[in-house]
Amino acid sequence: MPQVAARISSEQERWLKDYFRTKSAGAEFILPWAVDTFFRAISSIKSIFSGPELKTIIEAHKDLRLLPDHTRLSYLLLRVMDACDVGMVHTKHGASKASLEAKLKRLDDTQATALMVWAAAYWVSRNCTADSLDEYIKEY
């Protein structure tokens, strides 16, 4: 199995040591579960939104470093609606702001977090180009 070096806080390290035999055993259990859960969530969430809406969401997350405190639906709404109001991002991609807002409001915090992580990940991916945005939406 490939190895991954991930940074965790001392509180997270303590939690892993408390609940599992070793920190590594905990990480080996949690990481695959988290990745699988994330991709299942994204697959179902993406079917709710149109391509132009997903492009709007991705563009709203450009140059953003997500922090755990920001992983809430309210932050997603703020981020996307601000990008629409200030940058008119939705019109650039041909999305309806009202429709996008209504769909976003139906998500729970976990779904919103997955969507934000997915959108922000585009900007740090190897495939991040204007031409690859459609492919990213379709493939990932």
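Described below are features of the structure shown in this document. Computed from a predicted model, the values in this text were never measured in an experiment. (Residues numbered from 1 in each chain as written. Predicted model: local features only at pLDDT ≥ 70, side-chain atom pairs only at ≥ 80, totals over all residues. Heavy atoms only, no water.)

## Notes on the overall build of the chain
Using the following cut-off: Runs of H or I in DSSP of at least four residues are treated as helices and runs of E of at least two as strands, each being numbered from the N terminus. The buried label applies to any residue whose accessible area, calculated with a 1.4 Å probe on protein chains only, is under 20% of its type's maximum; exposed applies above 50%, and partly exposed to all values in between. In this analysis, two residues are considered to be in contact whenever any of their non-hydrogen atoms come within 4.5 Å of each other. Values of accessible area rely on a 1.4 Å probe in the Shrake-Rupley scheme; residue burial ignores everything except the protein chains shown. Charge counting follows a simple rule: Lys and Arg are positive, Asp and Glu are negative, and His as well as the terminal groups are ignored. For the purpose of locating charges, the reference atoms are NZ of Lys, CZ of Arg, CG of Asp and CD of Glu.
Broken down by element type, the chain carries 8 helices and 0 strands. Along the longest, intermediate and shortest principal axes, the C-alpha atoms of the chain span 50 × 30 × 25 Å. Sorting the 140 residues of the chain into buried and exposed places 31% on the buried side. Taking contacts inside the chain between residues at least 6 apart in sequence as the whole, the part at least 24 apart equals 66%. Of the accessible surface of the chain, which amounts to about 9400 Å², a share of 53% is contributed by carbon and sulfur atoms. Mean positive and mean negative side-chain charge positions of the chain (19 and 18 charges, respectively) differ by 2 Å.

## With respect to the packing of helix α4 (residues 73-87) against helix α7 (residues 109-122)
Just so we agree on the cut-off: In this analysis an axis means a line fitted to C-alpha atoms, helices contributing only their contacting stretch, and an angle means the value between N-to-C directions, from 0 to 180 degrees. Each angle gets one of four labels, with under 35 degrees taken as roughly parallel, over 145 as roughly antiparallel, 65 to 115 as roughly perpendicular, and the rest as oblique. Note on residue categories: nonpolar means Ala, Val, Leu, Ile, Met, Phe, Trp, Tyr, Cys or Pro, charged means Asp, Glu, Lys or Arg, and polar means any other residue, Gly included.
Their axes nearest at 8 Å, the elements α4 and α7 cross at an angle of 45°. As far as their axial angle goes, α7 and α4 are oblique. Note on element contacts: α7 touches α4 through Asp109, Ala112, Leu115 and Met116, opposite Leu73, Tyr75 and Leu76. Across the contact of α4 with α7, the residue classes tally to 6 nonpolar, no polar and 1 charged.

## Observations concerning helix α2 (residues 23-46)
For clarity, the threshold we go by: Expected span, for any helix, means 1.5 Å times one less than how many residues it has.
Across its 24 residues, α2 extends 33 Å between first and last C-alpha, which sits within 8% of the 34 Å expected from 1.5 Å per residue. For α2, the secondary structure elements touched by its buried residues are α1 (10-19), α3 (51-60), α7 and α8 (133-139).

## A word on the packing of α3 against α7
Relative to each other, α3 and α7 sit at 75°, their axes nearing to 8 Å. Here α3 is positioned roughly perpendicular relative to α7, judged by the angle of their axes. Residue-level contacts link Leu54, Ile57 and Ile58 of α3 to Leu115, Trp118, Ala119 and Tyr122 of α7.

## Looking at the nonpolar core
Applicable threshold: As used here, the term nonpolar core means buried Ala, Val, Leu, Ile, Met, Phe, Trp, Tyr and Cys residues forming a set that is joined through side-chain atoms within 4.5 Å.
Within the largest apolar cluster, 31 residues are counted, with the highest numbers of intra-cluster contacts made by Phe49, Leu76, Val80, Leu104, Leu115 and Trp118. Sorting the residues of this core by element identifies α2, α3, α4, α6 (97-105), α7 and α8 as the ones contributing at least two each. Residue contributions to this core peak at 8 residues, all from α4.

## Observations concerning the pattern of salt bridges
Operational definition: Take a side-chain nitrogen of Lys or Arg and a carboxyl oxygen of Asp or Glu: if they are within 4 Å of each other, that pair is a salt bridge.
For the coordinates displayed, the defined rule picks out 7 salt bridges. With a shortest N-O distance of 2.8 Å, Glu53 and Lys103 are connected by a salt bridge. In this pair, Glu53 sits in helix α3 while Lys103 sits in helix α6, placing the two residues 50 residues apart along the sequence. On the basis of relative accessible area, Lys103 is assigned to the buried category, the value being 17%. A salt bridge links Lys55 to Asp134; its shortest N-O distance comes to 2.7 Å. Residue Lys55 is found in helix α3, and its partner Asp134 is found in helix α8; the two are separated by 79 residues along the sequence. Overlapping salt bridges bring together Glu13, Lys17 and Lys23 as one network.

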